[in-house]
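Geometric and topological summary
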2 protein chains.
Amino acid sequence: MSAEKPVAETFTITDLAGEFKVTPRTIRFYEDKDLLAPQRNGMNRVYTRRDRARLKLILRGRRLGFSLADLKEMLDLYDLGDGQVEQRRVLLKRARKQLAELEAQRRDINDTIRDLKGVIDHVAESLRAQGINEQAA
Amino acid sequence: MSAEKPVAETFTITDLAGEFKVTPRTIRFYEDKDLLAPQRNGMNRVYTRRDRARLKLILRGRRLGFSLADLKEMLDLYDLGDGQVEQRRVLLKRARKQLAELEAQRRDINDTIRDLKGVIDHVAESLRAQGINEQAA
DNA sequence: ATAATACTTTACGTTTACGTCAACGTCAAC
DNA sequence: GTTGACGTTGACGTAAACGTAAAGTATTAT
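Below, the structure is looked at part by part. (Residues numbered from 1 in each chain as written. Chains lettered and ligands numbered in written order. Predicted model: local features only at pLDDT ≥ 70, side-chain atom pairs only at ≥ 80, totals over all residues. Heavy atoms only, no water.)

Observations concerning the protein's contact with DNA strand D
Neighbouring residues of DNA strand D: 18 residues in total, closest Thr12(A), Thr14(A), Arg45(A), Thr23(B) and Tyr30(B). Between Thr23(B) and DNA strand D, the recorded distance is 2.7 Å, taken from a side-chain N or O atom to a phosphate oxygen. In the environment of DNA strand D, a phosphate oxygen lies 3.2 Å from a nitrogen or oxygen atom belonging to the side chain of Arg62(B). Taken together, the elements giving at least two residues each to the surface near DNA strand D come down to α1 (13-20), α2 (24-32) and β3 (44-48) of chain A together with α2 (24-32) of chain B. At four residues, the largest contribution of residues to the surface near DNA strand D is made by α2(B). Within the surface near DNA strand D, the residues separate by chemical class into six nonpolar, six polar and six charged. (Near = heavy atom within 4 Å. Polar contact = N/O pair within 3.5 Å; in protein donor to acceptor, adjacent residues only side chain to side chain. Helix = DSSP H or I, 4+ residues; strand = E, 2+ residues; numbered from the N terminus. Nonpolar A, V, L, I, M, F, W, Y, C, P; charged D, E, K, R; others polar.)

Examining the pairing of strand β3 (residues 44-48) of chain B
Residue and element names in this part refer to chain B. Relative to β3, strand β1 (residues 10-11) runs antiparallel, the two being bridged by two bridges. What sits directly across from Thr10, in β3, is Thr48. Relative to β3, strand β2 (residues 39-41) runs antiparallel, the two being bridged by three bridges. If you follow Gln39 over to β3, its bridge partner there is Val46. Here β2 hands over to β3 after two residues, with Gly42 in that stretch at a positive phi of 70°. (Pairing = 2+ DSSP bridges.)

Section: the sheet that holds strand β2 (residues 39-41) of chain A
Residue and element names in this part refer to chain A. If you walk across this open sheet you meet the three strands as β1-β3-β2, and the pairing is antiparallel. With partners counted over all chains shown, the strands left at the sheet margins are β1 (10-11) and β2, one partner each. Where helix α3 (residues 49-63) meets the sheet, its contacts fall on β1 and β3, and the angle it forms with β3 comes to roughly 85°. (Contact = heavy atoms within 4.5 Å. Axes fitted to C-alpha atoms, helices over the stretch in contact; angles between N-to-C directions.)

A look at the protein's contact with DNA strand C
Taken together, 17 residues lie around DNA strand C, and Thr23(A), Tyr30(A), Thr12(B), Thr14(B) and Arg45(B) are the ones closest in. Backbone atoms, meaning sugar and phosphate, make up 69% of the atoms of DNA strand C lying within 4 Å of the protein. Contacts to DNA strand C include Tyr30(A), whose side-chain N or O atom sits 2.8 Å from a phosphate oxygen. In this structure, Arg40(B) approaches DNA strand C through a side-chain N or O atom, which is 3.1 Å from a phosphate oxygen. Put simply, the parts of the chain that give the surface near DNA strand C at least two residues each are α2 of chain A together with α1 (13-20), α2 and β3 of chain B.

Notes on the relation of the copies chain A and chain B
Here chain A sits on chain B after a turn of 180° about the axis and a move of 0.0 Å along it, with an RMSD of 0.1 Å. Considering both components of the superposition, the chain copies are consistent with a two-fold axis. No C-alpha of chain A approaches the rotation axis more nearly than that of Gly65(A), which lies at 1.9 Å. (Least-squares fit on C-alpha atoms with pLDDT ≥ 70 in both.)

A closer look at the interface of chain A and chain B
Of the residues lining the interface, 44 residues belong to chain A; the matching set on chain B comes to 44 residues. Contact between chain A and chain B buries roughly 4,200 Å² in total, counting both sides, with carbon and sulfur atoms accounting for 67%. Linking chain A with chain B are four salt bridges, by the criterion used here. Our count for the chain A to chain B interface comes out at 12 residue pairs in polar contact (both at pLDDT 80 or more). Among the elements that make up the side of chain A that touches chain B, the one with the highest residue count is helix α5 (residues 85-129) of chain A (29 residues). Each residue belonging to the side of chain A that touches chain B can be placed in one class, and the counts come to 21 nonpolar, 10 polar and 13 charged. (Buried area = accessible area lost by both parts, 1.4 Å probe. Salt bridge = Lys/Arg side-chain N within 4 Å of Asp/Glu carboxyl O.)

This is the structure we're talking about:
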């Protein structure tokens, strides 16, 4: 009898696992690595929307090839926005460094996309030149 | 007595390792996985500019988080542009699928960059609001 | 002749990110 | 009261991507 509304107040581990197409094992593993820290209801883990947002960020980072250690640092960046002055200065430096790396990665992606488009155009053209349809007969 | 010009005709394994900041072990490992197939001069490997280009592509792919298995497929895409018609049709489909994935990844990156910029702006602003310089005293 | 340098193969070790049982707790339904 | 359904904690297994010796070969320098 779980609510079907877009977002509930809290989530169970299988809720999140189902939503993001990962196994509960994965989510527990992230907790073991201190990337998540859900509350408990007795023995059971209870995830807030904030936990859910963190998980989303972790999985996005993983798709971009970042290690869990990297992602822990990035999450700490998001967390420590209300620290002491010196802490925030350090945070700012790290965040800008991280930003530079992401922009470098974006350049890599753009280059790769351009190359791949070149291949596609070339092959598509070579098929057209022979008067061949792209779809099979 | 190695030439210092930007590009030579052929390269040794340590040439490439030096240029791309990886170890020879890494390059040999890629060969073992059939991502590279350099010529031999006796026992020693000899890399052409084409091999070098492949290595460059592999390393760029790795920075984007692709597995070596993924990259082998992608390299095959680049290679098979002159195959039979049916082969090229398959190639075209795969290439377009690959392109779609890359564009999805670019969206992930753009989202992440946007989030991170938000953090930076927020923290920088909070420091300015207190009349604090970003650099330490 | 020998030492240094550069390269080779073989093989076992390591880290990361989980997968896969196994055994147990808890609550609702039958 | 036992059977699921869902959750829990270990603990061991594993695939990927190299790292790290160990031991041999080939060329070059002295």
